[in-house]
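Chain residues, written in single-letter form:
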Amino acid sequence: MNYAQIRKYDVANGPGIRTTFFLTGCDRNCPNCFNTDYMDFNHGKKWDEEAEKEVISYLKLNQVEGLTVLGGEPFENPVGLLQALRNIKKEVSKSIWVYSGFVYDDLVNISLAREILEEIDVLVDGEFIEELKDLSLKFRGSSNQRVIDVKKSLENNEVVILNGYK
C-alpha cells in the first residue's frame, strides 16, 4: 500500500482539526477526479511503520479530533488499510472517517471491506458527480454522496446518515 501525503492538520475533510492521509491507487477513473495523480498504485511512498508512527503521533495531539483517510481509493488497498487502522486504534481512540467512491450498500457485503467498516466511524460514500456538485454541502462535493454513521448503520442493518449531514 502506498500513500501520497500525510497532513498533520486538516480542516476540510471532517469535523474539527483532523490528521489525514491519502492512499494511492484507484481503478474507478471517475470523471473530473480531483486526485488523478493518486490513481496510480505506484505513486507516493510505501506505507510503513514510520508513516504509521507519524500519523499516531499527530493523533495523540489534544487539538486533533480524529483521522480521515482519502485517496486514490482506500478500499482498493483493503489489506493494508485494515492493518493500518487496527494498529492506529491500538494506540489512539479518536474518530475515523474514510472517503470512498464505492457505496456503503456494496462495501458492507464484501468481507474485507466490511472488516474495514467495523473499524471506522464515518464513511463518506459515492463518486463525485459534476452534475450534482453542490458547494453548500459539508464535507462532500456532490449531492449523491452520503455522510454515513457506520456504527449505527451496521447495528441497524440499514444506512444511517450521520446526524446533521442530510
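Residues numbered from 1 in each chain as written. Predicted model: local features only at pLDDT ≥ 70, side-chain atom pairs only at ≥ 80, totals over all residues. Heavy atoms only, no water.

Naming follows an unreviewed UniProt entry, where the protein chain appears as Anaerobic ribonucleoside-triphosphate reductase-activating protein of Anaerococcus lactolyticus ATCC 51172. Recorded in UniProt under Function (unreviewed entry), the annotation for the protein chain is "Activation of anaerobic ribonucleoside-triphosphate reductase under anaerobic conditions by generation of an organic free radical, using S-adenosylmethionine and reduced flavodoxin as cosubstrates to produce 5'-deoxy-adenosine." (UniProt positions renumbered as here; feature names shortened; annotations may be inferred.)

A closer look at the overall build of the protein chain
The secondary structure content of the protein chain amounts to five helices and seven strands. When the helices and strands of the protein chain are placed in sequence order, the string is β-β-β-α-β-α-β-α-α-β-β-α. Whereas a compact globule of 166 residues would reach a radius of gyration of roughly 15 Å, the protein chain reaches 15 Å, a difference of no more than 12%. Across the protein chain, every contact between residues at least 6 apart in sequence was considered, and the portion connecting residues at least 24 apart equals 65%. Carbon and sulfur atoms make up 48% of the accessible area of the protein chain, which totals about 8500 Å². With 20 positive and 27 negative side-chain charges, the protein chain shows a separation of 6 Å between the mean positions of the two kinds. (Helix = DSSP H or I, 4+ residues; strand = E, 2+ residues; numbered from the N terminus. Rg over C-alpha atoms; globule rule 2.2 N^0.38 Å. Contact = heavy atoms within 4.5 Å. Areas by Shrake-Rupley, 256 points an atom, 1.4 Å probe, with all protein chains shown as cover. Lys, Arg positive; Asp, Glu negative; His and termini not counted. Charge placed at Lys NZ, Arg CZ, Asp CG, Glu CD.)

Section: helix α1 (residues 49–59)
Each α-helix winds once per 3.6 residues, and so residues spaced three or four apart point in a common direction. By the burial criterion, the buried members of α1 are A51, E52, V55, I56, Y58 and L59. Buried residues of α1, viewed axially, fall in a sector of 160°; they line one side. Every exposed residue of α1 that faces more than 90 degrees away from the buried side is listed here: E49 and E50. Where α1 begins, one side-chain oxygen reaches toward the backbone nitrogen of E50, 3.2 Å away; that side chain belongs to D48. (Buried < 20%, exposed > 50% of the residue type's maximum accessible area, 1.4 Å probe, protein only. Arc of directions from axis to C-beta. Polar contact = N/O pair within 3.5 Å; in protein donor to acceptor, adjacent residues only side chain to side chain.)

Thoughts on the nonpolar core
Counting residues in hydrophobic clusters, the biggest one holds 33 residues, and the most contacted among them are F21, L67, L117 and L123. Setting aside its immediate chain neighbours within four residues, L117 contacts F75, Y104, L107, V108, L123, V150 and L154. Residues W97, Y99, V124 and V147 belong to the second largest nonpolar core, which totals eleven residues. (Core = buried A, V, L, I, M, F, W, Y, C linked by side-chain atoms within 4.5 Å.)

Comments concerning helix α2 (residues 78–91)
In this model, α2 (14 residues) spans 20 Å end to end at C-alpha, consistent with the 20 Å of a helix rising 1.5 Å per residue. Turning to α2, its buried residues number three or more, namely L81, L82, A84, L85, N87 and I88. Against the buried residues of α2 lie β2 (18–23), α1, β4 (66–70), β5 (95–99) and α4 (111–119). (Expected span 1.5 Å × (residues − 1).)

Side note on the sheet that holds strand β1 (residues 2–10)
Reading across the sheet, the seven strands line up as β3-β1-β2-β4-β5-β6-β7 and stay open at both edges, with mixed pairing between neighbours. At either end of the open sheet lies a strand with only one pairing partner, and these are β3 (45–46) and β7 (146–149). With four bridges joining them, β4 and β5 adopt parallel strand pairing. Looking at the pairing, T68 lines up with W97 of β5. (Pairing = 2+ DSSP bridges.)

Re the environment of F102
Mapping F102 onto the fold places it in the loop between β5 and α3 (104–107). Look past the residues within four positions of F102 in its chain and what remains in contact with it is R28, E73, F75, E76, L107, D125 and G126.

Some words on the pairing of β4
For β4, the tally of buried residues reaches five of five residues, placing the bulk of the element in the interior. Side-chain alternation along β4 places G66, T68 and L70 on one buried face and L67 and V69 on a second face that is also buried. Both β2 and β4 contribute to a ladder of five bridges, which runs parallel. Note that in β4 the partner of R18 across the bridge is G66. In this fold, β4 hands off to α2, which returns the chain to β5; that crossover is right-handed. (Right-handed = clockwise from strand over helix to strand, strands pointing away.)

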